[in-house]
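# A structural walkthrough
Residue-level listing of the chains:
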Amino acid sequence: MAKAGITTRDKDYSQWYLDIVDQADLAENSGVRGCMVIKPHGYAIWELIRDALDQRIKETGHVNAYFPLLIPKSYLMKEAEHIEGFAPEVAEVTRAGGEELAEPLVIRPTSETIIGATYAKWIRSWRDLPVLINQWANVMRWEMRTRPFLRTAEFLWQEGHTAHATEEEAEQETLKILHDVYADVVENVMAIPVYRGLKTERERFAGAVRTYSIEAMMQDGKALQAGTSHNLGQNFAHSFEIKYQTSDNREEYCWTTSWGASTRLIGALIMAHSDDDGLVLPPKVAPLQVVLVPIFKTDEERSMVLEAVARLTAGWKGRFRFKIDDRDNLSMGFKANEWEVKGVPVRVEIGPKDLQKGTVAVSRRDRPGREGKTFIEQAGLDEHIEGLLDEMQQALYDRALAFQRVHTFEAADYDEFKQKVEQGFVRVYFDGNGDDEDRIKAETKATVRVLPFDQAEEAGRCFFTGRQTQRIAIFARSY
RNA sequence: CGGGGCGUGGCUCAGCCUGGUAGAGCGCAGCGUUCGGGACGCUGAGGCCGGAGGUUCGAAUCCUCUCGCCCCGACCA
C-alpha cells in the first residue's frame, strides 16, 4: 500500500528515490543547479554518520585539520593524471575584489594537491612521519547530471590524507581505512553489507597507484560505491616534492594515501532499506529512534495521558533519541503516517484505554502499517524498546544481506552475463583488459565494481575472453 | 552538449487552440465540531500569469527574443 506522494519502487525506482527524499524532508533543490539544501532531518542523519566515521578515524590514530576551499590552479596542474581526471568538472574563480585574478583559483574537487603542497613544507625527517590527517569539508565537482545525495555539484565529505616512510605502511593504511573505518561504519552502523576489493585500472582514482572500495547493493540491483581508499604511491610526492631524510641520512620521497566518504552515503541508506511507505532508518543512524504519540480527546484525558508519558520517558534522556508528539491539531493517523514516512524506527502510542489496561501500542518501522503494531505492558517498556532497536538494527542488516546474496550471480559466458547483470551483481572469472571493460560497459552499462579480496582458489574460464584465469571480478551497473 | 517537456497564489495544476472582469484542489489563518491509522464545516488572506519587446481598442492567451527549471542520453564520489 503506497502512501500518497510516493511512487512505488516497481513502478519507477528513480522517481521513488526522489519522492522519499522529498516526503521524508531530507533535502530539496536550491537556486543553484546541482546544489541541494540539506534539510534538518537529512542533516541529522549525516551528523550521525559523520560522528561514526569521525570516531573511527580518530581511533585509528588520525587527527582533524582544515585546508582551504580555493586552490591555485597551478597546484592542480602538477600531477598530470590527476588534472586530466578532474579538469572537466572543476569550477574556477577568475575574478575577485572587482579585478581579474593573476592566477585563477579552482574550487577544490578534492584536496590532494593543496595538502600535498603543505606536506612538502611540513615534512623534513623520518621522525615527522607518518602524517595522519583528516579533514571534513565540502567539495565541488561540476557534474552534468545530478541527483540529491547521489551526485550533487557540491557535497560534504571527509578526506583523509596521509604520508608514510614506506610503501608497505602506506598500503596498510589504505586497507585499514577501508576495513576498520568504511566497511565497519557502513555494515555495523548503517546496516548495509558491502563487497570489498580493488578497483581495476579503468576505475582507479586519477593519480592513484591502487584504489580500493566498498560497494553496496541497492534494491534495484545497482551498485553504489560507499567509500574509497587510495594508495597514491609516490605520485603526489614526486609532483609536490614531499620528501624526508631517512635515519641514515638519505633523501626519500614519501608514500601517500587518500580516502573519502561523502553525503552520498545517505543515498545508500535510502536505497538499501526504505520501502514504498517512506524512509526506513536503522536505529543507529535514526535522528529520532522513538516517537511517542499521546492520544486523547478531553483536556482531562490529555493531562492524564501526558502525565503517563512523562512517567514512562523519565529515564530516557541519553538512552534513546526520542520525541513526544503532543501536537493537538493533527490526528493520530496523520502522525503515524508522518513518522513512518520519516523513518522513525519505533512509534509508541498511548491513550486512555492504555492507561486503564497498563499497556502501550508499539510499532516497528521495518514492518510497516498496522502489521508492525503490538500492545505491550507499560512495565518494562524501556527494556523492550532497547531490545527492539537492537533487533531492528540486526534485522535490517540481515534483510539487506539476504538481498545482496540472492542478487549476486555467476555467469559462465557473456550471454548469461548480459542477462544476470540486469538483475544485480555478477561475480565472474574475468581475464579481460581495459578495452574489454570498455566494451562490456558500452554494451551492458556494467563496470567492474571490485576485484574482491576473496579471490578464487582455483583457476576458471573467463566469461568474456574464454581464457583460463585465477582472477575474480564483481560487475554491476552503478550509481 | 544533443533530444523532449514546462514556467499562472506556498504546492500541484486548469485556463491558451478560438484575445474580453484570473480559476480549482491542497496548504495557510480564525472559529466550531472532531481525535485509537492521512477528519469535517463555515469564514478569510494570498497571484501585476518567468522577463523584455511587438501585434491589438484590449494579451496569461497571438508573434519575436530572452532567462530559468525538470526529465531522458554521453562524464562521475
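Residues numbered from 1 in each chain as written. Chains lettered and ligands numbered in written order. Predicted model: local features only at pLDDT ≥ 70, side-chain atom pairs only at ≥ 80, totals over all residues. Heavy atoms only, no water.

## So, the overall build of chain A
Applied cut-off: Working definition: helices are DSSP H or I runs of at least four residues, strands are E runs of at least two. Numbering for both runs from the N terminus. Each radius of gyration is computed over the set of C-alpha atoms, and the globule rule expresses the reference value as 2.2 Å times the number of residues to the power 0.38. Burial status follows relative accessibility: with a 1.4 Å probe on protein chains alone, a residue under 20% of its type maximum counts as buried, one over 50% as exposed, and anything between as partly exposed. In these tables, accessible area is a Shrake-Rupley quantity obtained with a 1.4 Å probe, and a residue counts as shielded only by the protein chains included in the view. By the counting scheme adopted, Arg and Lys are positive, Glu and Asp are negative, and His together with the chain ends is not counted. Here the site of a charge means atom NZ of a Lys, CZ of an Arg, CG of an Asp or CD of a Glu.
Of the regular secondary structure elements, chain A holds 14 helices and 25 strands. Taken over the C-alpha trace, chain A has a radius of gyration of 25 Å; the compact-globule value for 479 residues is 23 Å, and the two agree within 12%. Dimensions of chain A along its principal axes, counting C-alpha atoms only, are 80 × 60 × 45 Å. Sorting the 479 residues of chain A into buried and exposed places 55% on the buried side. Here chain A has roughly 21500 Å² of accessible surface; of this, 48% comes from carbon and sulfur atoms. When the 61 positive and 76 negative side-chain charges of chain A are each reduced to one mean point, those points stand 3 Å apart.

## Structural notes on the packing of helix 2 (residues 40-59) against helix 6 (residues 167-189)
Quick note on the threshold: Between the N-to-C directions of two axes lies an angle of 0 to 180 degrees, each axis being a line fitted to C-alpha atoms and, for a helix, fitted only over the stretch in contact. For a crossing to be left-handed, the near helix must be turned anticlockwise from the far one by less than a right angle; the clockwise case is right-handed. The contact rule is simple, with two residues in contact once any of their heavy atoms fall within 4.5 Å. The residue classification treats Ala, Val, Leu, Ile, Met, Phe, Trp, Tyr, Cys and Pro as nonpolar and Asp, Glu, Lys and Arg as charged. All others, Gly included, are polar.
As a packed pair, helix 2 and helix 6 sit with axes 9 Å apart at the nearest point and diverge in direction by 145°. Here helix 2 and helix 6 pass one another in a crossing that is right-handed. Between helix 2, through Ala52, Leu53, Arg56 and Ile57, and helix 6, the contact on the second element is made entirely by Asp180, Val181, Tyr182, Asp184, Val185 and Val189. Residues of the contact of helix 2 with helix 6, tallied by class, amount to 7 nonpolar, no polar and 3 charged.

## Observations regarding the side chain of Ser229
Filter applied, for reference: As used in this structure description, the phrase polar contact means that two N or O atoms lie within 3.5 Å; if the pair is within protein, one of them must be able to donate a hydrogen and the other to accept it, and residues adjacent in sequence are counted only when both atoms belong to side chains.
Here Ser229 lies in strand 11 (residues 223-231). On the basis of relative accessibility, which here comes to 0%, the residue Ser229 falls in the buried class. Within the local environment of Ser229, its side chain forms a polar contact with the backbone oxygen of Thr174, the two atoms lying 2.8 Å apart.

## Structural notes on the protein's contact with RNA strand B
Rules: Being near a molecule or strand, for a residue, comes down to having at least one heavy atom within 4 Å of it.
As a structural note, the neighbourhood of RNA strand B is formed by 36 residues, with Arg145, Arg151, Gln225, Arg264 and Ser331 the closest of them. Here, RNA strand B places atoms within 4 Å of the protein, and 45% of those atoms are sugar or phosphate. With respect to RNA strand B, the side chain of Gln225 contributes an N or O atom lying 2.4 Å from a sugar or linking oxygen. Side-chain polar atom of Asp354 to a base nitrogen of RNA strand B: 2.6 Å apart, as the coordinates give it. If you list the elements that add at least two residues to the surface near RNA strand B, you get helix 10 (332-342), helix 11 (352-357), strand 18 (359-364) and strand 19 (373-377). Examining the composition of the surface near RNA strand B, we find that 6 residues originate from one element, helix 10, more than from any other. Considered class by class, the residues forming the surface near RNA strand B number 12 nonpolar, 10 polar and 14 charged.

Spatial relationships are all this shows, so hold off on functional conclusions.
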